[in-house]
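# Structural description and commentary
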Amino acid sequence: VQLQASGGGLVPPGGSLRLSCAASGSIVSINAMSWYRQAPGKQRELVAGITSGGSTNYADSVKGRFTISRDNAKNMVYLQMNSLKPEDTAVYYCNSVIRTRVRVGEYWGQGTQVTVSS
């Protein structure tokens, strides 16, 4: 199983980005899907999560600005980020709990850099 994140880049404050993460491999089902981020010198933190049923949760710092969604048919999770702030600068990682034929495990994508700067 692999998770491939994409969509990061450099944007000015107030700008928008949409991150995508594709899960591939011998997947039976995907449970929770999440986005984390890690800024330089800081611990990795949960940004947003979404269950298989579509329930979502967000870090207080991104509520009202970020929206997580998923496409179960495509094994994809997205993070729409609006009104970006310099403090959103970080490497963003997707995370999924995935059932294969032999195990249920937690998987991480490789990370995509988001830089918010003028």
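What comes next concerns the included structure. In every chain, residue numbers begin from 1 and rise along the written sequence. Reporting in this predicted model follows two pLDDT cut-offs: at least 70 for local features of residues, and 80 or more for side-chain atom pairs to be given and counted; totals over whole chains, interfaces and linings ignore these cut-offs and use all residues. Side-chain descriptors were evaluated using all non-hydrogen atoms of the structure, hydrogens and water having been removed beforehand.

### Quick word on the packing of aromatic side chains
- Aromatic contacts are taken between Phe, Tyr and Trp rings whose centres are within 6.5 Å, Trp giving its six-membered ring; a plane angle under 30 degrees counts as stacked, one over 60 as edge-to-face, and the others as tilted. Throughout the structure, instances matching the rule amount to one aromatic pair.
- One Lys or Arg, Arg18, reaches over the ring of Tyr78 and ends 4.1 Å from the middle of that ring.
- The rule for a charge over a ring is simple: NZ of Lys or CZ of Arg within 6 Å of the ring centre, and within 35 degrees of the ring normal. Just above the ring of Trp108 sits the side chain of Arg44; from NZ or CZ to the centre is 4.6 Å.

### Some words on the sheet that holds strand β8 (residues 76–81)
- One bridge is not enough; two strands pair if DSSP finds at least two bridges between them. Counting from the N terminus, the helices are the DSSP runs of H or I reaching at least four residues and the strands are the DSSP runs of E reaching at least two. Judged by pairing direction, the sheet is antiparallel, and its four strands sit side by side in the order β1-β3-β8-β7 without closing on themselves. The outermost strands of the open sheet, each flanked by one partner alone, are β1 (2–6) and β7 (66–71). On average, each strand axis in the sheet is inclined to that of its neighbour by 15 degrees, with strand direction left out of account. Here, axes are lines fitted to C-alpha atoms. For helices the fit covers the stretch in contact, and angles between N-to-C directions go from 0 to 180 degrees.

### Describing the state of the cysteines
- We call a pair of cysteine sulfur atoms a disulfide when they lie within 2.5 Å. Applying the stated criterion to the full structure yields one disulfide.
- A sulfur-sulfur distance of 2.1 Å marks the disulfide that ties Cys21 to Cys94. Between Cys21 and Cys94 the disulfide shows an S-S torsion of about 55 degrees. By sign, it is right-handed. One end of the pair, Cys21, is in strand β3 (residues 17–24); the other, Cys94, is in strand β9 (residues 90–99), and 73 residues separate them in sequence.

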